[in-house]
Amino acid sequence: MSLSAKTLLSLLVGMAAGALAWSLLLPGSPVLRLENEPSPALVAALYGLTLGLGLGLVGAWAADARVEKWLSLGLGGTCGVAGALLGDALGTPITTTIAHNMHGLSEPAQRALLTLGECSGWGMLGLILGGGLGGAQRASRLAWPGALGGLAGGLLGGIALETLMQTDLEAGGGAPLSVGEYWRQAAGPMAFCGLTGLGIALAARLGRASWVRVKRGGREHILARPLITIGQSGACDIVLRGDPRVAPVHATFEAMPGGRHHLTVAGGGGGRFAPVTINGRPITGEQWLADGDDLQIGEHGLVFHERATRGALHLGPPQPQAWMQALGARPKPEPRRTSLAVSASPAAPPAPSIPAPNPEPLPLLGLSRNMAALSLSEEAGGKDGDAPLSALPALLSGSVLRAEQGPYLGRAFVVEASAVTRLGRAIDLEVPLPMDKAVSRLHARIVPEGEQFFLEDAGSANGTYANGLRLTGRRALRPGDVIQMGATMLRFT
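Residues numbered from 1 in each chain as written. Predicted model: local features only at pLDDT ≥ 70, side-chain atom pairs only at ≥ 80, totals over all residues. Heavy atoms only, no water.

1. Points about the overall build of the protein chain
Next up, step 1: Of regular secondary structure, the protein chain possesses ten helices and 22 strands.
Next up, step 2: Out of the 493 residues in the protein chain, the part that is buried amounts to 49%.
Next up, step 3: Considering only intrachain contacts with a sequence separation of at least 6, the fraction spanning at least 24 residues in the protein chain is 58%.
Next up, step 4: Of the roughly 22,600 Å² of accessible surface on the protein chain, 60% is carried by carbon and sulfur atoms. (Helix = DSSP H or I, 4+ residues; strand = E, 2+ residues; numbered from the N terminus. Buried < 20%, exposed > 50% of the residue type's maximum accessible area, 1.4 Å probe, protein only. Contact = heavy atoms within 4.5 Å. Areas by Shrake-Rupley, 256 points an atom, 1.4 Å probe, with all protein chains shown as cover.)

Okay, structure coming up:
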């Protein structure tokens, strides 16, 4: 669903949750069957549970990935109850302290201070619930805005709750409430839960820095994590169903410095899968994105939005002027999209023959995170954005891992000669392989020692293989060696 619809639905579902909790706490309720006045902790826990489950259902409906659906439901109810209990434990001593230190104040001032003390507990409920629902999307960028929005909504809702509540809950019988009296008494809980849900959803919407809108259905997805996958698999963050030409993992959005993003074609663009087009132009490899870019993957159209490039005229990658000046390169007035091709240099020693699975230039993923390398490769004299290895001796100063099998077929990774190169599924490693689910988060390491490189397994679940043999210790790497982990096969050159 769109973020606007999610915000409105969070408000309405919150109000419904407040009305439900109030109904369960009424005298004569067939569910709880209270015989005595309920404790403040029970009241708060019931509000937190119904509100958390309601907002969790909204989050599960809006999410595509299965794991996010279950996290929304589980964290919604858990954080709702936990926040309510912590809020009650916090609000009670604060209210007591205020009550013992407000002598000499007018009655309206005393009432206002007591209301603020009681609202501190409701604010704590919103804070924890908002942070938990943001964390359900596995992104700290959403957890903090959600927590702050929940705090603001909880405080405002708590003020409304304490102001509108006119009667105490009394256990036992009594004449049934009229419809008008019921809604009058339920107005406070509905206001609290509705404002808390609105605050959480509104904070996430206003705090977004980049997002994607799927044209079919109008779904919107905030790009809050460093790597967002898109494809037909239910494990993807953005799921495109109904088109067999969409690969299980078709493409990824990767966050870059400066609030920028680029798109990487993963399993699409060849064979039976549909190509990826940006503004009508087919792409392969990696492509920088800008606000308003129109993406097409098979039958599915998407629109990319990004605050960092909104209204920008030059849409190439950022140009690191200090690096360029240090190496004597002149900055160009209009940067353009670049890619790096791995080719033999006349001055370089002969390398073993490697059959090329793809005649197109190979993007060096190890350098895709290094803006200086991308810009300098263009300045080094490459034609149409391509540069030979001989133009980058100071940047590469190592070897290359070239993918010959698996989800990264046709890609290349830089292996630095001055630092350990870590390989695995985690995206913060030097060789990130997040699309290969058979690879451990930290799978293997390549350690430089003198003029040699040594390969070692890092305690992976499925093992690391060199030339078909499973590693049991360290192994010296030679040009042409084949490294396999999971479904990914890399040739060391």
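2. Description of empty space enclosed by the protein
Next up, step 1: Scanning the entire structure with this criterion turns up five cavities of 30 Å³ or more.
Next up, step 2: Lining the largest cavity are 36 residues, with Lys6, Ala62, Gln137, Leu142 and Ile222 positioned closest to its centre.
Next up, step 3: The set of elements that each furnish at least two residues to the lining of the largest cavity consists of α1 (3-25), α2 (40-62), α3 (66-100), α4 (107-135), α5 (140-164), α6 (179-206) and β2 (220-222).
Next up, step 4: It is α6 that provides the largest number of residues to the lining of the largest cavity, a total of five residues.
Next up, step 5: Residues of the lining of the largest cavity, tallied by class, amount to 18 nonpolar, eleven polar and seven charged. (1 Å grid on protein atoms, 1.4 Å probe; cavity = no way out; pocket = protein on both sides within 12 Å on 5 of 7 lines; lining within 4 Å. Points joined across faces, edges and corners; volume = space filled by probe spheres on them. Nonpolar A, V, L, I, M, F, W, Y, C, P; charged D, E, K, R; others polar.)

3. Structural notes on the sheet that holds strand β20 (residues 475-477)
Next up, step 1: Across the sheet, which stays open at both edges, the five strands sit in the order β15-β14-β16-β17-β20 with mixed pairing between neighbours. In the strand order of this sheet, the two ends are held by β15 (431-432) and β20, each with one partner.
Next up, step 2: Here three bridges tie strand β14 (residues 421-424) to strand β16 (residues 444-449), and the two strands are oriented antiparallel to one another. Bridge pairing links Arg422 to Arg445 in β16. (Pairing = 2+ DSSP bridges.)

4. Quick look at the pattern of salt bridges
Next up, step 1: Taken as a whole and assessed by the stated rule, the structure comprises 14 salt bridges.
Next up, step 2: Measuring nitrogen to oxygen at the nearest pair gives 2.7 Å for the salt bridge that ties Arg491 to Glu404. Of this pair, Arg491 sits in strand β22 (residues 488-492) while Glu404 is found in strand β12 (residues 398-405), placing the two residues 87 residues apart along the sequence. In this structure, Arg491 and Glu404 share a single accessibility class: buried. (Salt bridge = Lys/Arg side-chain N within 4 Å of Asp/Glu carboxyl O.)

5. Let's talk about the confidence of the model for the protein chain
Next up, step 1: Across the protein chain, pLDDT averages 76, with 76% of residues at or above 70.
Next up, step 2: Ignoring residues within four places in sequence, the model shows residues 167-174, a span with pLDDT below 50, making 16 contacts including any to other chains.
Next up, step 3: This model gives residues 317-397 a pLDDT under 50, and the stretch forms 135 contacts once residues within four places in sequence are excluded. (pLDDT = per-residue confidence, 0-100.)

6. Things to note about the environment of Met489
Next up, step 1: Secondary-structure assignment places Met489 in strand β22.
Next up, step 2: Taking the C-alpha atoms as reference, Met489 lies 6.5 Å from Gly406; in sequence the two are 83 residues apart.
Next up, step 3: In this view, Met489 contacts Arg402, Ala403, Glu404, Gln405, Val482, Ile483 and Gln484; residues no more than four positions away in its chain are not counted.

7. What to know about the packing of α2 against α4
To describe two helices that pack against each other, one gives the angle between their axes and the distance between the axes.
Next up, step 1: Two elements in contact, α2 and α4, have axes separated by 11 Å at closest approach and are oriented at 30°. As judged from the angle between their axes, α2 and α4 are roughly parallel. Where α2 crosses over α4, the handedness of that crossing is right-handed. Only Trp122, Leu125, Leu129 and Leu133 of α4 make contact with α2, whose side of the interface consists of Ala44, Tyr47, Gly48, Leu51, Gly52, Leu55 and Gly56.
Next up, step 2: A breakdown of the residues in the contact of α2 with α4 according to their chemical character gives eight nonpolar, three polar and no charged. (Axes fitted to C-alpha atoms, helices over the stretch in contact; angles between N-to-C directions. Parallel < 35°, antiparallel > 145°, perpendicular 65-115°, else oblique. Left-handed = near helix turned anticlockwise from the far one by under 90°.)

8. Side note on the packing of α3 against α4
Next up, step 1: Their axes nearest at 7 Å, the elements α3 and α4 cross at an angle of 160°. It follows from the interaxial angle that α3 and α4 lie roughly antiparallel. By crossing handedness, the relation of α3 to α4 is classed as right-handed.
Next up, step 2: Considering only residue class, the contact of α3 with α4 consists of 15 nonpolar, twelve polar and one charged.

9. Regarding a nonpolar patch on the surface
Next up, step 1: Taken together, the side chains of Leu105, Leu113, Leu116, Leu156, Ile159 and Leu195 present a nonpolar region at the surface, about 480 Å² in accessible area.
Next up, step 2: Broken down by secondary-structure element, the contributors of at least two residues to the nonpolar patch are α4 and α5.
Next up, step 3: On the secondary structure map, Leu116 appears in helix α4. (Patch = residues over 30% accessible without salt bridge, like charges linked within 9 Å, V, L, I, M, F, W, Y side chains within 5 Å.)

10. Description of the sheet that holds β2
Next up, step 1: Taken in spatial order, the six strands line up as β2-β1-β11-β10-β7-β8 in an open sheet, and their pairing is antiparallel. What marks the edges here is a single partner per strand, and that holds for β2 and β8 (281-283). Between one strand and the next, the sheet's axes are offset by a mean angle of 30°, whatever the strand orientation.
Next up, step 2: Two strands pair when backbone bridges link them, and strand β10 (residues 294-297) and strand β11 (residues 300-306) are joined in this way by four bridges, in the antiparallel orientation. Across the sheet, residue Ile297 finds its bridge partner in β11, namely His300.

11. Here's the deal with the environment of Ala476
Next up, step 1: Positionally, Ala476 belongs in strand β20.
Next up, step 2: Look at Ala476 and you get buried, because its relative accessible area is 16%.
Next up, step 3: Sequence separation of Ala476 and Ala466 is ten residues, and the distance between their C-alpha atoms is 9.9 Å.
Next up, step 4: Leaving out residues up to four positions away in the same chain, Ala476 has contacts with Gln452, Phe453, Phe454 and Asp481.

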